[in-house]
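Survey of secondary and tertiary structure
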Amino acid sequence: LDMITENKVVTLNYILSENSAEGLILENTYDGKPLEFIFGMANMMPSFEDNIANLEAGSEFSFKVKSDQAYGEINPNAIVDLDINIFKVHDRIDYEMLKLGNVVPMQDSKGNRMNGVVLELNDDKVKFDFNHPLAGKDLFFRGEVLTIREATEEELEHGHLHGSGGGCGCGSGGGCGTKDESDQGGCGCGSNSGSSCGTEEKVEAESDSCGSGCGCH
């Protein structure tokens, strides 16, 4: 039987919950499309791959990943105050965008996308949290391996699958994407950096805008 080893295309379902099987459910691919990825191509969180290595199709799994092996602890430097004028649209502040708890997509001068959560708002500043949504959390995965196959030469050349289904944080900000891909910390545009930040809508106009993004390929 095929086992999960390097360069194999793995399809699996999983439920991700916080801390334990009884914890808050964060993601559930059983409700949508299974996750499909190339094992060993650094598309997934290393601790996730370590726990499913050598499993066979049909195998079930359950394991816990401590926060320091997942998305790390909460980084206080990723909580920054930004000038409210960054969020002017047609010379007016877009207060609808800046509601407390809103996730605002941004981008830095290097094109790195970041998502900031609005924490506080006053007359001239907006406090954003650019930490990954799962920073500081222990993660518990349980699920089942569905299929395993060899990756094609084209898939290996690109390093990921095209049009693959399923979650693991792809676009939702969670799960098992790599920390480097998903890390929203270190926006680098606080009061000490001298950079400005801008929303994705304004990034063409802002040469030094800042933001973050999360999810796997």
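Since the structure is predicted, the reported quantities are computational estimates derived from the model, not experimental observations. (Residues numbered from 1 in each chain as written. Predicted model: local features only at pLDDT ≥ 70, side-chain atom pairs only at ≥ 80, totals over all residues. Heavy atoms only, no water.)

Under the criterion given, the structure shown has eight aromatic pairs. Taken together, the ring pairs in this structure connect Tyr 14, Phe 37, Phe 48, Phe 61, Phe 63 and Phe 141 into an aromatic cluster. (Phe/Tyr/Trp six-rings, centres within 6.5 Å; stacked < 30°, edge-to-face > 60°.)

This part covers a nonpolar patch on the surface. There is a patch of nonpolar side chains on the surface, built from Ile 74, Ile 79 and Leu 119 and spanning about 240 Å² of accessible area. For Ile 74, the position within the fold is in the loop between strand E4 (60-65) and strand E5 (79-83). (Patch = residues over 30% accessible without salt bridge, like charges linked within 9 Å, V, L, I, M, F, W, Y side chains within 5 Å. Areas by Shrake-Rupley, 256 points an atom, 1.4 Å probe, with all protein chains shown as cover. Salt bridge = Lys/Arg side-chain N within 4 Å of Asp/Glu carboxyl O. Helix = DSSP H or I, 4+ residues; strand = E, 2+ residues; numbered from the N terminus.)

Looking now at the pattern of salt bridges. Inspection of every chain in the model, using the stated rule, returns six salt bridges. The residue Lys 66 makes a salt bridge to Asp 138 at a minimum N-O spacing of 3.3 Å. Residue Lys 66 is located in the loop between E4 and E5, and its partner Asp 138 is located in the loop between strand E10 (125-129) and strand E11 (139-150); the two are separated by 72 residues in the primary sequence. Classification of Asp 138 by relative accessible area gives buried; the value is 15%. (Buried < 20%, exposed > 50% of the residue type's maximum accessible area, 1.4 Å probe, protein only.)

Attention now moves to the nonpolar core. Core analysis: the biggest nonpolar cluster contains 23 residues, and Leu 12, Phe 37, Phe 48, Ile 52, Phe 61 and Phe 141 have the highest contact counts within it. Elements supplying a minimum of two residues to this core: strand E1 (8-18), strand E3 (35-38), helix H1 (46-52), E4 and E11. Judged by nonpolar contacts, the second largest core, of 16 residues, contains Ala 78, Met 97, Val 104 and Phe 128. (Core = buried A, V, L, I, M, F, W, Y, C linked by side-chain atoms within 4.5 Å.)

Attention shifts here to the confidence of the model for the protein. Mean pLDDT over the protein works out to 80, with 74% of the residues at or above the 70 mark. Mean pLDDT across the elements of the protein bottoms out in strand E12 (residues 198-199) (47) and peaks in E4 (98). Long-range and interchain partners of residues 165-174, a stretch whose pLDDT sits below 50, account for 43 contacts in this model, where long-range means more than four residues apart. Counted against residues more than four places away or in other chains, residues 181-217, with its pLDDT under 50, gives 123 contacts. (pLDDT = per-residue confidence, 0-100. Contact = heavy atoms within 4.5 Å.)

With that settled, the discussion passes to the environment of Asp 123. Following the sequence through the fold, Asp 123 ends up in the loop between strand E9 (113-121) and E10. Distance in space between the C-alpha atoms of Asp 123 and Asp 83 is 9.5 Å, their sequence separation being 40 residues.

The next point concerns the side chain of Asp 129. Within the secondary structure, Asp 129 sits in strand E10. For the buried Asp 129, no salt bridge exists, and the shortest N-O distance to an oppositely charged side chain is 9.9 Å, to Lys 137. Within the structure, the side chain of Asp 129 is placed 2.8 Å from the side chain of Asn 131, a separation counted as a polar contact. Apart from the residues within four sequence positions on either side, Asp 129 is in contact with Ala 78, Ile 79, Asn 115, Gly 116, Val 117 and Leu 119. (Lys, Arg positive; Asp, Glu negative; His and termini not counted. Polar contact = N/O pair within 3.5 Å; in protein donor to acceptor, adjacent residues only side chain to side chain.)

This brings us to the pairing of strand E8 (residues 103-107). Each regular strand carries side chains that alternate between the two faces of the sheet. Alignment of E8 against E9, held across five bridges, turns out to be antiparallel. Its bridge partner lying in E9, Val 103 is registered against Val 117. Linking E8 back to E9 in an antiparallel pair, the connection comprises five residues, with Gly 111 at a positive phi of about 90 degrees. (Pairing = 2+ DSSP bridges.)

Turning our eyes to something else, we now look at unusual backbone geometry. Although it is not a glycine, His 90 sits at a positive phi angle of roughly 55 degrees. Within the secondary structure, His 90 sits in the loop between strand E6 (88-89) and strand E7 (92-93). Positive phi is not limited to glycine here, since Asp 91 has a value of about 65 degrees. By the element assignment, Asp 91 lies in the loop between E6 and E7. Residue Asp 91 is classed as exposed on the basis of its relative accessible area of 70%.

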